[in-house]
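Residue-level structure breakdown
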Amino acid sequence: MKMSFPLLLPLLVLAAAAHAQEPCFADYKASRDNPLELQYGVAEIRGDCTVREAERELRPRLAADDWQLLEVISTFGESGLEERRESAGEYFLRY
């Protein structure tokens, strides 16, 4: 059965919108001086679910508390949250 383009287009738009609404998270490493402190954290990313976007969003959030972003390790969906909760401790979804 053939599907015409006018019928297929709304389905594609709906699928793209559903994908764009999926929550996105990033795990990262940050540091702060005097005294030297290191943190591993998990944060929600509001833009595209990419490492580049996570870096762009996290730098100012962390800098507000004098943290310097060292590295965004990865981005992931909700399914990766629980396995990182304990490791992130107080920095789980803090920024």
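The present account deals with the structure reproduced in this document.

Rules of the game
Residues numbered from 1 in each chain as written. Predicted model: local features only at pLDDT ≥ 70, side-chain atom pairs only at ≥ 80, totals over all residues. Heavy atoms only, no water. Helix = DSSP H or I, 4+ residues; strand = E, 2+ residues; numbered from the N terminus. Expected span 1.5 Å × (residues − 1). Bend = angle between axes of the 7 residues up to and from the residue. Buried < 20%, exposed > 50% of the residue type's maximum accessible area, 1.4 Å probe, protein only. Patch = residues over 30% accessible without salt bridge, like charges linked within 9 Å, V, L, I, M, F, W, Y side chains within 5 Å. Areas by Shrake-Rupley, 256 points an atom, 1.4 Å probe, with all protein chains shown as cover. Salt bridge = Lys/Arg side-chain N within 4 Å of Asp/Glu carboxyl O. Disulfide = S-S within 2.5 Å.

Turning our attention to helix 2 (residues 51-63). The end-to-end C-alpha separation of helix 2 is 18 Å, in line with the 18 Å expected for 13 residues at 1.5 Å each. Glu 57 marks where helix 2 bends most, by close to 25°; the proline Pro 60 follows one to four residues later. Among all positions in helix 2, only Glu 53, Ala 54, Glu 57, Leu 58, Arg 61 and Leu 62 are buried.

A word on a nonpolar patch on the surface. Among the surface-exposed residues, Leu 36, Leu 38 and Leu 70 lie close enough to one another that they form a single nonpolar patch of about 350 Å² accessible area. Among the secondary structure elements, Leu 70 is positioned in strand 3 (residues 68-76).

Enumeration over the complete set of coordinates arrives at one disulfide. Note that Cys 24 is cross-linked by a disulfide to Cys 49, the S-S spacing being 2.1 Å. In this structure, the disulfide formed by Cys 24 and Cys 49 twists by about 80° around the S-S bond and is classed as right-handed. Of this pair, Cys 24 sits in strand 1 (residues 24-32) while Cys 49 sits in the loop between strand 2 (37-45) and helix 2; the two residues are 25 residues apart in sequence, bridging distant segments of the chain.

It is worth spelling out the pattern of salt bridges at this point. Under the counting rule described, the total for this entry stands at seven salt bridges. Between Arg 84 and Asp 27 there is a salt bridge, with its nearest N and O atoms 3.2 Å apart. With Arg 84 in helix 3 (residues 82-88) and Asp 27 in strand 1, this residue pair connects regions lying 57 residues apart in the sequence. Taking relative accessible area as the criterion, Arg 84 reaches 14% and is therefore assigned buried. Arg 61 is the partner of Glu 57 in a salt bridge, and the nearest nitrogen-oxygen pair spans 2.5 Å. Placement of both Glu 57 and Arg 61 in helix 2 is noted, with a separation of four residues, approximately one turn of the helix. Note on Glu 57: relative accessible area 10%, which makes it buried. Classification of Arg 61 as buried rests on a relative accessible area of 16%.

Right, let's get into unusual backbone geometry. Here the residue pair Asn 34 and Pro 35 is connected by a cis peptide bond, since its omega of -5° sits within 30 degrees of zero. In this fold, Pro 35 is placed in the loop between strand 1 and strand 2. Look at Asp 66: it is not a glycine, yet its phi comes out positive at around 65°. As for its placement among the helices and strands, Asp 66 is situated in the loop between helix 2 and strand 3. In this structure, Leu 93 takes a positive phi of about 60° despite not being glycine. On the basis of relative accessible area, Leu 93 is assigned to the partly exposed category, the value being 39%.

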